[in-house]
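Listed below, chain by chain, are the residues.
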Amino acid sequence: MNIFRGLGIALITPFKPDFSVDYDALGRLVDYQIENGADFLCILATTGETPCLTKEEKSNIKNLVVEHVKGRIPIVIGCGGNNTAAVIEELQNGDFSGIDGILSVCPYYNKPSQEGLYQHFKAIAEASPLPVILYNVPGRTGVNLQAQTTVRIANDCPNVVAIKEASGNLEQIDEILKNKPVGFDVISGDDGLTFQMIACGAVGVISVIGNALPKEFSKMLRYEMNGEMAPALRIHHTFTELFKLLFVDGNPAGVKCILHEMGMVHNVLRLPLVPTRVSTVQRISDCMKELKLL
């Protein structure tokens, strides 16, 4: 059974001006999420700039988040890659204490076939000590996990409990929702399409904008999941421009800019990522003020 429902936060990694991890800011951010409507956290994934973290930093971040959460909400951790054997080794030997699930991205760069994707995730499911959420984001990986393959994995691997779908292909997402087995869920991986995906049957989102605005975004989800479509749609439309601005200069540059404007983190990313352009910062600031969020 999938426990990852509602508002999930794709948690950023705050850095200090010297590019070291800002653990104090991270602790405050975790508490802020829980106090403002987050239903679960997703750590050490794309938005957390995980490829630019050391093994020691990843361990420290995981331990800090677990310590701050204190079991109040579930935690899912990124554990994926394009070397199946290496992912399996991490699953078998890593410390997952305090963690409730694994988010595993489609293998990137080497562009496997659909059969290769199936065998990759089947092997991960067999090795994982925790429930697995698939992560399909072809814009980053260069390969799309097709609906038929997703459903095949869901049917054959009982501990694969959901997919974070960020393909942007609503027809494909609807095909998964129509054919998936009971107990397997679809989670939105795109803030801007969350309203539409929930309407089709998705059970939540792993959100970028939720880092900064969990209270507002969770309100939209709760309205919609309770069948109150009109107020949910109003909130969705309120954030349309902000959704676009979040990704103008890449992720997590946009949401770190918002958090910086709110006084919560330094506007610092690790190369090869860089902060948003001055013009984007101004547009984000203007939008936030217009929405009375600053």
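Predicted model only: the values in this text are computed from it and were never measured. (Residues numbered from 1 in each chain as written. Predicted model: local features only at pLDDT ≥ 70, side-chain atom pairs only at ≥ 80, totals over all residues. Heavy atoms only, no water.)

### Details of the overall build of the chain
Basically, it comes down to this: Secondary structure elements follow DSSP: runs of H or I of four or more residues count as helices, runs of E of two or more count as strands, with numbering from the N terminus. A radius of gyration in this sense is built from C-alpha atoms; the matching globule rule multiplies 2.2 Å by the number of residues raised to 0.38. Three labels apply to residues, based on accessible area from a 1.4 Å probe with only protein chains included: buried if under 20% of the type maximum, exposed if over 50%, partly exposed otherwise in between. Contacts between residues were defined by any pair of non-hydrogen atoms, one from each residue, lying within 4.5 Å. A residue counts as positive if it is Lys or Arg and as negative if it is Asp or Glu; His and the chain ends are not included. The atom standing in for a charge is NZ when the residue is Lys, CZ when it is Arg, CG when it is Asp and CD when it is Glu.
Of regular secondary structure, the chain possesses 13 helices and eight strands. Relative to the 2.2 N^0.38 estimate, which gives 19 Å for 294 residues, the radius of gyration of the chain is 18 Å and therefore close to what a compact globule would have. Reported as C-alpha extents along the three principal axes, the dimensions of the chain are approximately 50 × 45 × 35 Å. Burial analysis of the chain (294 residues in total) assigns 53% to the buried set. Residue pairs at least 24 apart in sequence account for 72% of intrachain contacts in the chain once pairs closer than 6 positions are excluded. The average position of the 26 basic charges and that of the 32 acidic charges among the side chains of the chain differ by 2 Å.

### Topic: the environment of L213
With respect to the element layout, L213 can be found in the loop between β8 (204-207) and α9 (214-225). Accessibility expressed as a relative area gives 3% for L213, which makes it buried. Along the chain, L213 and E56 lie 157 residues apart, while their C-alpha atoms are 29 Å from each other. Excluding anything up to four places from it in sequence, L213 contacts Y32, F239, L242, M262, M288 and L293.

### Looking at the pairing of strand β3 (residues 75-78)
Put simply, the rule reads: Pairing between strands is defined by DSSP: at least two bridges between them are needed. A clockwise path from the first strand over the helix to the second, with the strands pointing away from the viewer, defines a right-handed crossover.
Alternating residues of β3 divide into I75 and I77 and V76 and G78, and every residue in both groups is buried. Pairing analysis gives three bridges linking strand β2 (residues 40-43) to β3, with the strands arranged parallel. Paired with I43 across the two strands is I77, which belongs to β3. Since β2 and β3 lie parallel, the crossover through helix α2 (residues 55-69) that links them has a hand, and here it is right-handed. Two elements, β3 and strand β4 (residues 101-105), share three bridges in a ladder whose sense is parallel. Opposite G78, over in β4, you have L103 as the bridge partner. On the question of chirality, the crossover connecting β3 to the parallel β4 by way of helix α3 (residues 84-93) is right-handed.

Distances and angles like these do not, on their own, reveal function.
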